[in-house]
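Single-letter residue listing:
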Amino acid sequence: ISFLLLVHVMLSSDQQSREAKWQLRFSLVSILISSIFWIWAILNTTKSKSFDLGIVSFLSVLIAHTVILCNLRKQQHRINDGLQQEEQSLQPSSKCASYTILGTHLFVTLNYFLGLCIAIGTDMIDDVERQIRFAIYCGIATVLWFSSAIVGCRLFNPRYEILPQL
């Protein structure tokens, strides 16, 4: 509950920049989605007795965005306390955050692409209809996670102006 209150305060702050609000939203959505699929990967591993790489890849996204949220919170406190100008808030860690997001989201993309290759190129799945559904699922997820890698990388890199004015 305290985490949700913190998020509400950060999103409703008038002192928060437009970019910081979008970064916060992106990180929160990434945490939510990666948490759900991380749990699913753990359940798949325990049920099938074979290792699901999603345990590692989704955990990397989860950890990366949690650290980014902590940094955004620290920067917001510094701005609120007058210790830092808002324009400076994205400078020190923006490249690191940008490349971290790119790397972790591409890791998940690679995981899904590997699943797509397995679904198309092997007979590991007994039921053909199930194999086709799995290939479609992995193909869609590959495209979505690749897109999120590009959007997230650009969102945390202050050189790009890709967001609509709110």
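Residues numbered from 1 in each chain as written. Predicted model: local features only at pLDDT ≥ 70, side-chain atom pairs only at ≥ 80, totals over all residues. Heavy atoms only, no water.

Moving on, we come to helix α5 (residues 128-155). One turn of the α-helix equals 3.6 residues, which is why residues spaced by three or four share an orientation. Relative to the 40 Å expected for 28 residues at 1.5 Å per residue, α5 spans 40 Å between its end C-alpha atoms, a close match to the ideal helical length. Buried residues of α5: Q131, A135, C138, G139, A141, T142, W145, S148, A149, G152, C153 and L155, and no others. (Helix = DSSP H or I, 4+ residues; strand = E, 2+ residues; numbered from the N terminus. Expected span 1.5 Å × (residues − 1). Buried < 20%, exposed > 50% of the residue type's maximum accessible area, 1.4 Å probe, protein only.)

Once that is clear, we can look at the confidence of the model for the chain. With 72% of its residues at a pLDDT of 70 or more, the chain shows a mean pLDDT of 80. Confidence scores differ between elements of the chain, with helix α1 (residues 2-12) showing the lowest mean pLDDT of 53 and α5 the highest of 93. For residues 161-166, every residue scores under 50 in pLDDT, and the model assigns this stretch 14 contacts once sequence neighbours within four places are set aside. (pLDDT = per-residue confidence, 0-100. Contact = heavy atoms within 4.5 Å.)

What follows concerns the nonpolar core. Of all hydrophobic cores here, the largest spans twelve residues; its members are L24, F26, L28, I31, L62, I68, L69, L72, A97, I101, L155 and F156. For this core, the secondary-structure elements that each account for two or more residues are α2 (18-48), α3 (54-80) and α4 (91-121). Discounting chain neighbours no more than four positions away, the residues touching I68 are S27, A97, I101 and F156. Ranked by size, the runner-up nonpolar core spans ten residues in total, among them Y112, A119, A135 and C138. (Core = buried A, V, L, I, M, F, W, Y, C linked by side-chain atoms within 4.5 Å.)

Our focus in this paragraph is a nonpolar patch on the surface. Residues F51, L53, V56, L114 and I118 make up a contiguous nonpolar surface patch of about 410 Å² in total accessible area. Assignment of secondary structure puts L53 in the loop between α2 and α3. Take L53: its relative accessible area is 31%, and that puts it in the partly exposed class. (Patch = residues over 30% accessible without salt bridge, like charges linked within 9 Å, V, L, I, M, F, W, Y side chains within 5 Å. Areas by Shrake-Rupley, 256 points an atom, 1.4 Å probe, with all protein chains shown as cover. Salt bridge = Lys/Arg side-chain N within 4 Å of Asp/Glu carboxyl O.)

This part covers the layout of surface pockets. Volume-wise, the second largest pocket comes out at about 240 Å³. Forming the walls of the second largest pocket are 13 residues, and the residues nearest its centre are V29, I33, L144, W145 and S148. Elements represented by at least two residues in the lining of the second largest pocket include exactly α2, α4 and α5. In terms of residues, the lining of the second largest pocket owes the most to one element, α5, which gives six residues. Grouping the constituent residues of the lining of the second largest pocket by class yields ten nonpolar, three polar and no charged. (1 Å grid on protein atoms, 1.4 Å probe; cavity = no way out; pocket = protein on both sides within 12 Å on 5 of 7 lines; lining within 4 Å. Points joined across faces, edges and corners; volume = space filled by probe spheres on them. Nonpolar A, V, L, I, M, F, W, Y, C, P; charged D, E, K, R; others polar.)

To continue, consider the packing of α2 against α5. Across the interface, α2 lies against α5 with an axial gap of 11 Å and an inter-helix angle of 150°. In terms of orientation, α2 and α5 fall into the roughly antiparallel class. Between α2 and α5 lies a crossing of left-handed hand. Here W22, Q23, F26, I33, F37 and W40 of α2 come into contact with α5, specifically with Y137, W145, S148, V151, G152 and L155. (Axes fitted to C-alpha atoms, helices over the stretch in contact; angles between N-to-C directions. Parallel < 35°, antiparallel > 145°, perpendicular 65-115°, else oblique. Left-handed = near helix turned anticlockwise from the far one by under 90°.)

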